[in-house]
Amino acid sequence: MFKKETYNARRARLKKTIGSGLLLFLGNDECGMNYADNGYHFRQDSTFLYFFGLPYAGLSAIIDIDNDEEIIFGDELTIDMIVWTGIQPTLHEKSQRVGITSVKPYKAIADYLKAAQQKGQTIHYLPTYRAEHQIKLLQWLGVQPGNERPSVPFIQAVVNQRIHKSEEEIAEIEKACLVTADMHLAAMHTVRPGIRECDVAAVVAQVAYANNYELSFPTIATINGQTLHNHDHSNLIKSGDMLLLDAGAETEMGYAGDMSSTIPADPTFTSLQKEIYDIQVAAHEAAVAALRPGVRFETIYDQTCAVIMDQLKQLGFTKGDPMEAVKAGAHAMFMPCGLGHMMGLDVHDMENLGEEYVGYDGHPKSTQFGRKSLRLGRELEPGFVLTIEPGVYFIPELMDLWKSQNKFTEYINYDKLFKYRAFGGIRNEEDYLITTDGARLLGKKIPLRTEEVEEIRK
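Note that the structure is predicted; figures quoted are calculated from it, not measured. (Residues numbered from 1 in each chain as written. Predicted model: local features only at pLDDT ≥ 70, side-chain atom pairs only at ≥ 80, totals over all residues. Heavy atoms only, no water.)

Participant: Explain the overall build of the chain to me, and be specific about the residues and the numbers.
Facilitator: Helix and strand content of the chain: 16 helices and 17 strands. For 458 residues, the compact-globule formula gives about 23 Å, and the C-alpha radius of gyration of the chain, at 24 Å, lands near that figure. Expressed as lengths along the three principal axes of its C-alpha atoms, the size of the chain is roughly 70 × 45 × 45 Å. Within the chain, the fraction of its 458 residues that count as buried is 55%. Accessible surface, the chain as shown: approximately 19400 Å² in total, 51% of it carbon and sulfur. A distance of 2 Å separates the average location of the 46 positive side-chain charges in the chain from that of its 62 negative side-chain charges. (Helix = DSSP H or I, 4+ residues; strand = E, 2+ residues; numbered from the N terminus. Rg over C-alpha atoms; globule rule 2.2 N^0.38 Å. Buried < 20%, exposed > 50% of the residue type's maximum accessible area, 1.4 Å probe, protein only. Areas by Shrake-Rupley, 256 points an atom, 1.4 Å probe, with all protein chains shown as cover. Lys, Arg positive; Asp, Glu negative; His and termini not counted. Charge placed at Lys NZ, Arg CZ, Asp CG, Glu CD.)

What follows is the structure, encoded as structure tokens:
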């Protein structure tokens, strides 16, 4: 964790922003995989980590602005727990490390909140993303599941703090990105015909675990890159295949890295693969070149998609004006996803708080197919950390649907397109920090251009 002054300052800023009322922070609990004592890997709620820094299960917290109290609610280890977990610092000692001196038994939170309700205090809470959170709100506040009313001022205050990364956060994210890059380099040395996708996933995981890091999300390692989030690892890699790897590391403090690479099964790309791969790289580099404060990320998205449509036009896949095609939504045949997302304590940073607040500064998102998957659209500011990950995908099911609907025939050459039904998909991804005058790559550069990938594949 960071020094306690960091957490003190974060909470002080939050209290000043909200001004009055009571702020409720729901920590996460252990979750049984198939019975209670066989749990999934525990991960603390990211907002709880940001303000309180304690990565332990069974905690919640209150900042009572009106009464100037900051309280951790949790229970000390009993001897029955210690024989299984070993001795640890007390909860009081752990809390003091992050500047909290008031610690109360977990069951006391119900009475504290009931008293606040009786006094008419405003109780602020954030959106829920776990059933256990909904149950706690029901038990403590009488809020029925599905009827939650998260506090918009609380959401906005948290987003406005977490969205700008401090120097110490950037250093921690950089650590995650360095290991993430090593995960992809290891995969580039591993991929070959005759092994399975799971062999690559295992090598990637080994790099993370050897650094005492976790995976920041379930690894995508697939020869079916046209399926955007394909977590199956059962296929045999064959000559002529490409493997799309999307994987990242998470540091001990919970900060994430997130990168993607597309690796030919053979030492070199085929000429057909290279044609499409080079289009993805051109779009990627155009997006990176446009990163700077004051530019709307949705504008960069439009420009990047126009590069894809223009270069596909040169190969006969598309027709008409590339930017008009993008505005109409025809580009989503090849890129039905976003260009990137915020990254930090979450690999999709603060997504549980609402994309309209994190990625759009409170404004509504588009409902257009493809564009609606753009998680980030707002004007860029120094301190933002984000991914750049354009892709070029050939999705047979989407081809069949749009062709049957005679959709975008003024922009898409379906005769040419259908010859590439079995091509798959390509994505490369890097992580960037927005600086005062541009952007800086986080971590280290992994091979991107075809010649760079082929060089490492020798």
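More follows now that the structure is in view.
Participant: Lay out the packing of helix α8 (residues 167-190) against helix α9 (residues 197-210) in plain terms, naming residues and giving numbers.
Facilitator: Contact geometry of α8 with α9 gives a least axis separation of 9 Å together with a crossing angle of 150 degrees. As α8 packs across α9, the resulting crossing turns out to be right-handed. Contact residues: α8 offers Val 179, Asp 182, Met 183, Ala 186, Ala 187 and Thr 190, while α9 offers Val 200, Val 203, Val 204, Val 207 and Ala 208. Looking at the contact of α8 with α9, its residues break down into nine nonpolar, one polar and one charged. (Axes fitted to C-alpha atoms, helices over the stretch in contact; angles between N-to-C directions. Left-handed = near helix turned anticlockwise from the far one by under 90°. Contact = heavy atoms within 4.5 Å. Nonpolar A, V, L, I, M, F, W, Y, C, P; charged D, E, K, R; others polar.)

Participant: I'd love a proper account of the sheet that holds strand β16 (residues 430-434), names of residues and values included.
Facilitator: With antiparallel pairing, three strands are arranged side by side in an open sheet as β13-β16-β17. Two strands close off the open sheet at either side, each with one partner strand: β13 (385-388) and β17 (439-441). When strand polarity is set aside, the average angle formed by the axes of neighbouring strands in this sheet is 35 degrees. The sheet contact formed by β13 and β16 spans four bridges and is antiparallel. Counterpart to Leu 386 in the pairing with β16 is Tyr 432. Seen against the sheet, α8 touches β13, β16 and β17 and runs at an angle of roughly 40 degrees to β17. (Pairing = 2+ DSSP bridges.)

Participant: Describe the sheet that holds strand β1 (residues 22-26), naming the residues involved and giving the relevant values.
Facilitator: Strand order in the open sheet formed by five strands is β6-β5-β4-β1-β7, and the pairing between neighbours is mixed. Edge positions in the sheet fall to β6 (102-104) and β7 (123-124), since each of these pairs with one other strand and no more. Bridging between β1 and strand β4 (residues 60-64) involves five bridges; their strand directions are antiparallel. Counterpart to Leu 26 in the pairing with β4 is Ser 60.

Participant: Describe the pairing of strand β10 (residues 242-247), and please don't skip the residues or the numbers.
Facilitator: Counting buried positions over the six residues of β10 gives six, a clear majority of the element. Neither face of β10 is open: one carries Met 242, Leu 244 and Asp 246, the other Leu 243, Leu 245 and Ala 247, and all of them are buried. With three bridges joining them, strand β9 (residues 220-222) and β10 adopt antiparallel strand pairing. Looking at the pairing, Thr 222 lines up with Leu 244 of β10. Two elements, β10 and strand β12 (residues 259-264), share six bridges in a ladder whose sense is antiparallel.

Participant: Could you give an account of the side chain of Thr 262, with specific residues and numbers?
Facilitator: The topology assignment puts Thr 262 in strand β12. Here Arg 427 takes part through its backbone oxygen, which lies 2.8 Å from a polar atom of the side chain of Thr 262. In this structure Thr 262 touches Met 242, Leu 243, Leu 244, Phe 269, Tyr 277, Gly 425, Ile 426, Arg 427, Asn 428 and Val 453, once residues within four positions along its chain are discounted. (Polar contact = N/O pair within 3.5 Å; in protein donor to acceptor, adjacent residues only side chain to side chain.)

Participant: Provide a residue-level description of the pattern of salt bridges, including the pertinent values.
Facilitator: This model, assessed by the stated rule, comprises 31 salt bridges. With a shortest N-O distance of 3.8 Å, Glu 169 and Arg 10 are connected by a salt bridge. Here Glu 169, found in helix α8, pairs with Arg 10, found in helix α1 (residues 4-18); they are 159 residues apart in sequence, far enough to count as distant. Overall, Arg 10 belongs to the buried group, its relative accessible area being 6%. (Salt bridge = Lys/Arg side-chain N within 4 Å of Asp/Glu carboxyl O.)

Participant: An account of the pairing of β16 is needed here, citing residue identities and associated values.
Facilitator: In terms of burial, β16 is largely enclosed, as five of its five residues are buried. Side chains Glu 430, Tyr 432 and Ile 434 of β16 all project onto a buried face; the interleaved residues Asp 431 and Leu 433 project onto the opposite face, where all are buried too. In this sheet, β17 lies alongside β16 in antiparallel orientation, the contact comprising three bridges. Bridge pairing links Leu 433 to Arg 440 in β17. Between β16 and β17, which pair antiparallel in sequence order, lie four residues.

Geometric descriptors of this kind do not, in isolation, establish any biological role.
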